[in-house]
Amino acid sequence: MTRGDGEHSYASNSRAQEKSILKTRPVLHKAVAAAHALSLSSGPGGAMVVADLGCSSGPNTLLVVSEVIKAVADCRHELATGSQPQHVQFFLNDLPGNDFNLVFQSLELIKLAANKDRQEEPLLPPYYVAGLPGSFYTRLFPDRCVHLFHSSYCLMWRSKVPDELASGAVLNEGNMYIWETTPPAVVALYRRQFQEDLSLFLTLRHTELVSGGHMVLTFLGRKSKDVLRGELSYTWGLLAQALQSLVKEGRVEKEKLDSFNLPFYVPSVDEVRDVIAQSQAFDVIHIQLFDVKWDGGDDDVEMEDYGGVESSVSVARSIRAVVGPLIARHFGEHILDHLFELYAKNVAMHLQKVKTKYPVILVSLQAK
Ligand SMILES: C[S@@+](CC[C@H](N)C(=O)[O-])C[C@H]1O[C@@H](n2cnc3c(N)ncnc32)[C@H](O)[C@@H]1O
């Protein structure tokens, strides 16, 4: 993600992700209530431990913390008067390169965010926030100490590009992800990487959760039955087309494009269900798929307005905020402005024809 809070930063360009967090609120609040009850049942003195995995930096990080704090406050409201408030220990996790400084500098805004829209006496519980750098595809906590894991817009990122693709062999020419010309063998490599990653993630988190602990996970998925034309295949396919234009203009070497592969895979709901079932570690409390417009626009805005110049530019900015650093590392920073201008045009042309949206999978799990 692009650091800081400047024009191209993730903090300033993450409206679609914010929309998703807001849509998952009822499911998150239920999981918080259950995790809160669980933490109280272990007797007085213990804190409720919550971790947001892949927190990034910016308003969405604060939104998640404030939603959880508000939900805990609501639980306390329902308990008998005189009950002691439960202390909440919050861990914000991301990769070590994340802009944790920005997160720490903005922590004082959590109270404001949590109190926003609250009519009654806030009675926020005492809470403590700590940063936790590390990959969520590794152990992050000791055994059995977390009551609730939350993660939003992260689990479509793979732990790595599949080895066979990363080895340098050109297996998916002209593409950066699964797209119309991708061979079935490459689709299989991506799918296997997803299955291994999610299975590992579930095993790790199960060990770290207290018995009966909860997890609310939201990530990009696939609605289309045709894996070569999944909704996210368009997102990356249109970017690959913009890179192909730069190859034609002589600004990017073709070999560079052919060796660029995203560590990414968007599963269908059934693929997610299968991995969860195989893990035998969690009960599925809730699973659903919902849509979010690429530009993060409101659902009630007319579809004709979706994909106009303004929204295509905003889609390009949001994708640049996410993969800009990855692209700069591989191709050089100098191509970014031109690349994302071309991309905005490709997005506008696509959305004029098809009003594609992001399919988002929301799953709420309880540890067995
Ligand atoms: C699109 S951002 C989502 C940020 C925030 N949760 C939101 O909903 O706006 C994805 C985040 O996942 C993080 N991430 C990706 N892979 C990760 C991993 N293996 N371990 C920890 N964080 C990871 C990225 O660094 C990035 O900050």
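Our structure's up above, just so we're on the same page.
Before going into details, it helps to say that this report is about the structure given with it.

Basis of the calculations
Residues numbered from 1 in each chain as written. Predicted model: local features only at pLDDT ≥ 70, side-chain atom pairs only at ≥ 80, totals over all residues. Heavy atoms only, no water. Near = heavy atom within 4 Å. Polar contact = N/O pair within 3.5 Å; in protein donor to acceptor, adjacent residues only side chain to side chain. Areas by Shrake-Rupley, 256 points an atom, 1.4 Å probe, with all protein chains shown as cover. Helix = DSSP H or I, 4+ residues; strand = E, 2+ residues; numbered from the N terminus. Nonpolar A, V, L, I, M, F, W, Y, C, P; charged D, E, K, R; others polar. Buried < 20%, exposed > 50% of the residue type's maximum accessible area, 1.4 Å probe, protein only. Lys, Arg positive; Asp, Glu negative; His and termini not counted. Salt bridge = Lys/Arg side-chain N within 4 Å of Asp/Glu carboxyl O. Contact = heavy atoms within 4.5 Å. Axes fitted to C-alpha atoms, helices over the stretch in contact; angles between N-to-C directions. Parallel < 35°, antiparallel > 145°, perpendicular 65-115°, else oblique. Left-handed = near helix turned anticlockwise from the far one by under 90°. Pairing = 2+ DSSP bridges.

The next subject is the site of the ligand. Close to the ligand lie 18 residues, the nearest being Y10, G54, N60, D94 and S152. For the ligand, a nitrogen atom lies 2.9 Å from a polar atom in the backbone of F136. One of the side-chain N or O atoms of S152 is found 2.9 Å from an oxygen atom in the ligand. Coverage of the ligand by the protein chains reaches 94% of its 600 Å² of free accessible surface. Elements with a contribution of two residues or more to the shell around the ligand: α1 (15-23) and β2 (88-94). Partitioned by chemical class, the residues of the shell around the ligand number nine nonpolar, eight polar and one charged.

Residue placement: E231 occurs in helix α8 (residues 231-248). Although E231 is buried, it forms no salt bridge, and the closest oppositely charged side chain is K223 at an N-O distance of 5.9 Å. Within the structure, E231 has its side chain in polar contact with the backbone nitrogen of K223 (distance 3.2 Å). When residues no more than four places from it in sequence are discounted, the contact partners of E231 are R222, K223, S224, W294, T356, K357 and P359.

Turning to the environment of A242, a few remarks are in order. Looking at the element boundaries, A242 is found in helix α8. Residue classification places A242 among the buried residues on the basis of a relative accessible area of 0%. Taking C-alpha positions, A242 is 19 Å from F264, a pair spaced 22 residues apart along the chain. The contact partners of A242, leaving out residues within four places of it in the chain, are L339, L342, Y343 and N346.

For the rest of this paragraph, the subject is the packing of helix α7 (residues 184-208) against helix α10 (residues 269-279). The relative placement of two packed helices comes down to the angle between their axes together with the axis-to-axis distance. At a minimum axis separation of 10 Å, α7 and α10 run at an interaxial angle of 45 degrees. It follows that α7 is oblique to α10 by the angle criterion. Here α7 and α10 pass one another in a crossing that is right-handed. Facing R191, F194, Q195, L198, S199 and L202 of α7, the residues of α10 in contact are E271, V272, V275, I276 and S279.

Okay, the sheet that holds strand β4 (residues 146-152) next. Read across the open sheet, the seven strands follow the order β3-β2-β1-β4-β5-β7-β6; overall the sheet is mixed. The open sheet is flanked by β3 (127-133) and β6 (282-293), the only strands paired with a single partner. Sheet twist, expressed as the average angle between the axes of neighbouring strands with direction ignored, equals 15 degrees. Packing of helix α2 (residues 25-41) onto the sheet brings it into contact with β1 (48-53), β4, β5 (209-220), β6 and β7 (357-367), and relative to β5 it is tilted by some 165 degrees. Against the sheet, α7 contacts β1, β4, β5, β6 and β7, and its axis sits at roughly 145 degrees relative to β5.

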